[in-house]
Amino acid sequence: MAKIAVVYYSLKGETIAPGMKIVNLEKGHTAAAAEFIGQAVGGDLIELETVKSYNPDHMKMIYEAKEELDKGIRPALKECPDISEYDVIFLGFPNWWNTLPMPVVTFLEQCSWGGKKIIPFVTSGGSGFGRSLEDLKKYAPGAQILPGGEFLGHEVEQSEAGISQWAQSAVQNL
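Residues numbered from 1 in each chain as written. Predicted model: local features only at pLDDT ≥ 70, side-chain atom pairs only at ≥ 80, totals over all residues. Heavy atoms only, no water.

Draft legend 1. Fine view of a nonpolar patch on the surface. Side chains of Ile16, Met20, Ile22, Met59, Tyr63 and Trp97 sit close together on the surface and give an oily, nonpolar patch of about 600 Å² of accessible area. Tracing the backbone shows Trp97 in the loop between strand S5 (88-94) and helix H3 (102-109). Judged by relative accessible area, Trp97 falls into the partly exposed class, the value being 34%. (Patch = residues over 30% accessible without salt bridge, like charges linked within 9 Å, V, L, I, M, F, W, Y side chains within 5 Å. Areas by Shrake-Rupley, 256 points an atom, 1.4 Å probe, with all protein chains shown as cover. Salt bridge = Lys/Arg side-chain N within 4 Å of Asp/Glu carboxyl O. Helix = DSSP H or I, 4+ residues; strand = E, 2+ residues; numbered from the N terminus. Buried < 20%, exposed > 50% of the residue type's maximum accessible area, 1.4 Å probe, protein only.)

Draft legend 2. Up close: unusual backbone geometry. Of note, Trp97 is a non-glycine position whose phi angle comes to about 55°, a positive value. Unlike most non-glycine residues, Asn98 shows phi in positive territory, near 70°. With respect to the helices and strands, the residue Asn98 is situated in the loop between S5 and H3.

Draft legend 3. Just the environment of Phe121, in detail. Residue placement: Phe121 occurs in strand S6 (residues 117-124). Judged by relative accessible area, Phe121 falls into the buried class, the value being 0%. Along the chain, Phe121 and Ser169 lie 48 residues apart, while their C-alpha atoms are 13 Å from each other.

Draft legend 4. Spatial organisation of the environment of Lys60. As for its placement among the helices and strands, Lys60 is situated in helix H2 (residues 58-71). On the basis of relative accessibility, which here comes to 52%, the residue Lys60 falls in the exposed class.

Okay, structure coming up:
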């Protein structure tokens, strides 16, 4: 039986909801999806947290994230998890500027991926994975990237059954 981790990066606080409304989340969409996946497949839940705090104003935060991407900044993590004991990593993240958030890149670059299977999942406002799967292959050499799941952020909290079913199906197909 494969040992599974559900590693995710998520922000709580302000985000944009349908209709360009600003809403305040107590728990980020990716965190909620990760919890559903962990419950469905029995994996260890591991949150990636940055040392720095992002601007709580969503519109300012997105430009902060854009600057990190443009300049290749790797935000420090409070702790980089040891994934050596895991065979399968569900990797969750929001779509930032059509790709991986730079804190996820920090994590990917600090791990050894040989022989690991990554099942990515993304939350977004409708742009899905964007180019993040291509970037994931670049930052996780040696990993087998399996088909992933795309979830609309504003629908995650009401989609537990669908997300759980997707996760169980992904594990059955290993």
